[in-house]
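What follows is each chain in one-letter form.
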Amino acid sequence: LAALMRLDGKAGLPFVARWLEVETPAVAEGAALAIGESRAPGAFDRLRGAWERAMGDGERRRSLLVPIALVRDEASFAFLMEVIESGDPRTAEAAAAAALQIHEADAPHRRRIDAARRARR
């Protein structure tokens, strides 16, 4: 799936996104990572859609946080900040960890993440 996204992310996105819905967690996570790493147009929208459909499945939602962070655009960062600020404690901390992992070298983003974590405490 990652190779397909590297070859042509725009054309491959609809096909790879179908794998987000499979019952096998490792396959769904692999598809999510391939989409996030691609940073293809529409990648965040597909991942956010998977997030919405996973309502009530905290584990599946948490597995989408690193792929969402990998998109590295303002919409995905704003989404992570929203989860950090208002998500359930376990998911909020996972969102902070995902965001810090991807944005650790970006001082302004790191400060915003740290401030949101402090505000929750």
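Remember, predicted model here, so these are calculated numbers, not experimental data.

Caption draft 1: The environment of Ala96, seen in detail. Tracing the sequence through the fold places Ala96 in helix H8 (residues 89-103). Along the backbone, Ala96 and Ala107 are 11 residues apart, and their C-alpha atoms lie at a distance of 14 Å. Once you skip the residues sitting within four places of it in the chain, Ala96 turns out to touch Ile84, Ile113 and Arg117.

Caption draft 2: A look at unusual backbone geometry. Its identity as a non-glycine residue notwithstanding, Arg39 has a phi of 55°, on the positive side. Turning to its location among the elements, Arg39 is positioned in the loop between helix H3 (25-38) and helix H4 (43-53). Arg39 gets classed as partly exposed once you look at its relative accessible area, which sits at 45%. Positive phi, close to 55°, is recorded for Arg72, a residue that is not glycine. Note on placement: Arg72 falls in the loop between helix H6 (65-71) and helix H7 (74-86).

Caption draft 3: Region of interest: H7. With 13 residues, H7 should cover 18 Å at 1.5 Å per step; its first-to-last C-alpha distance of 18 Å lies within 8% of that length. Where H7 starts, the residue carrying a side-chain oxygen 3.3 Å from the main-chain nitrogen of Ala75 turns out to be Asp73.

Caption draft 4: Inspection of the packing of aromatic side chains at higher detail. If you walk through the whole model with that rule in mind, you get 3 aromatic pairs. Ring pairs connect the aromatic residues Phe44, Trp51 and Phe79, which therefore count as one cluster.

Caption draft 5: Structural view of the pattern of salt bridges. In the structure shown here, the tally under the stated rule is 5 salt bridges. With a closest N to O distance of 2.5 Å, Glu93 and Arg117 form a salt bridge. Of this pair, Glu93 sits in helix H8 while Arg117 sits in helix H9 (residues 107-120), and the two are 24 residues apart along the sequence. Taking the relative accessible area as the measure of exposure, Glu93 reaches 37% and is therefore partly exposed. By sharing partners, the salt bridges in this structure join Glu59, Arg62 and Arg90 into a single network.

Analysis parameters
Residues numbered from 1 in each chain as written. Predicted model: local features only at pLDDT ≥ 70, side-chain atom pairs only at ≥ 80, totals over all residues. Heavy atoms only, no water. Helix = DSSP H or I, 4+ residues; strand = E, 2+ residues; numbered from the N terminus. Contact = heavy atoms within 4.5 Å. Buried < 20%, exposed > 50% of the residue type's maximum accessible area, 1.4 Å probe, protein only. Expected span 1.5 Å × (residues − 1). Polar contact = N/O pair within 3.5 Å; in protein donor to acceptor, adjacent residues only side chain to side chain. Phe/Tyr/Trp six-rings, centres within 6.5 Å; stacked < 30°, edge-to-face > 60°. Salt bridge = Lys/Arg side-chain N within 4 Å of Asp/Glu carboxyl O.

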